[in-house]
Amino acid sequence: MTRVRRPSAQTAAVLQALAADPGRWRYGYDLCIQLGIRAGSMYPILIRLADRGLLETGWESQQVPGRPARHLYRLTAAGRDYAAMAAVAPPRATAARRLRLRPEGA
């Protein structure tokens, strides 16, 4: 049996942003700006989701002179299902949050 892990809060945010308009191609940079996630975190998330078959990827068809082609992302059918599951799953308790909890009376 395959264990399904709940996504991190950042991954869930990316999934929800993409699920808002699942047929629309999005740039990673636009997602960074929308969600306030740095590129050093965003692109590994996008790569992992693509490697798991949850995202389609492609290159923009019209290049702008002087700028490299940009990578585009959108959810696959499996990605839409996973995003829906992530939206209803309770948030994960992170190690940092557990460490901040203090016992009663402390």
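Residues numbered from 1 in each chain as written. Predicted model: local features only at pLDDT ≥ 70, side-chain atom pairs only at ≥ 80, totals over all residues. Heavy atoms only, no water.

Caption draft 1: Molecular detail of the sheet that holds strand β2 (residues 55-59). Spatially, β1-β3-β2 is the arrangement adopted by the 3 strands of the open sheet, whose pairing is antiparallel. Looking at the sheet topology across the chains shown, the edges are occupied by β1 (26-27) and β2. Alignment of β2 against strand β3 (residues 71-75), held across 5 bridges, turns out to be antiparallel. Bridge assignment links leucine 55 to a residue of β3, and that residue is leucine 75. (Pairing = 2+ DSSP bridges. Helix = DSSP H or I, 4+ residues; strand = E, 2+ residues; numbered from the N terminus.)

Caption draft 2: Expanded view of the nonpolar core. Counting 18 residues, the largest nonpolar core has Val14, Leu15, Met42, Leu46, Leu49 and Leu55 as the members making the most contacts within it. At the level of secondary structure, the elements contributing two or more residues to this core comprise α1 (9-19), α2 (28-35), α3 (39-51), β3 and α4 (77-88). Once residues lying within four places of it in the same chain are set aside, the contact partners of valine 14 are Leu35, Ile37, Met42, Ile45, Leu46 and Leu49. (Core = buried A, V, L, I, M, F, W, Y, C linked by side-chain atoms within 4.5 Å. Buried < 20%, exposed > 50% of the residue type's maximum accessible area, 1.4 Å probe, protein only. Contact = heavy atoms within 4.5 Å.)

Caption draft 3: A look at the pairing of β3. Both β1 and β3 contribute to a ladder of 2 bridges, which runs antiparallel. When the bridges of β3 are listed, tyrosine 27 appears paired with leucine 72.

Caption draft 4: Region of the structure containing the confidence of the model for the chain. Chain-level statistics for the chain give a pLDDT mean of 83 and a share of 79% at 70 or above. Here helix α5 (residues 95-100) is the element of the chain with the lowest mean pLDDT, 46, and α3 is the one with the highest, 95. Across residues 95-106 the pLDDT falls below 50, and counting only partners more than four positions away or on other chains, this stretch makes 2 contacts in the model. (pLDDT = per-residue confidence, 0-100.)

Caption draft 5: The arrangement of α3 in detail. With 13 residues, α3 extends 18 Å from end C-alpha to end C-alpha; this agrees with the ideal 18 Å at 1.5 Å per step. Among the residues of α3, those classed as buried are Met42, Ile45, Leu46 and Leu49. Looking straight down α3, one finds its buried side chains confined to an arc of 95°; they lie on one side. Turned more than 90 degrees away from the buried face of α3, the exposed residues are Gly40 and Asp51. Along its buried surface, α3 packs onto α1, α2, β2 and β3. (Expected span 1.5 Å × (residues − 1). Arc of directions from axis to C-beta.)

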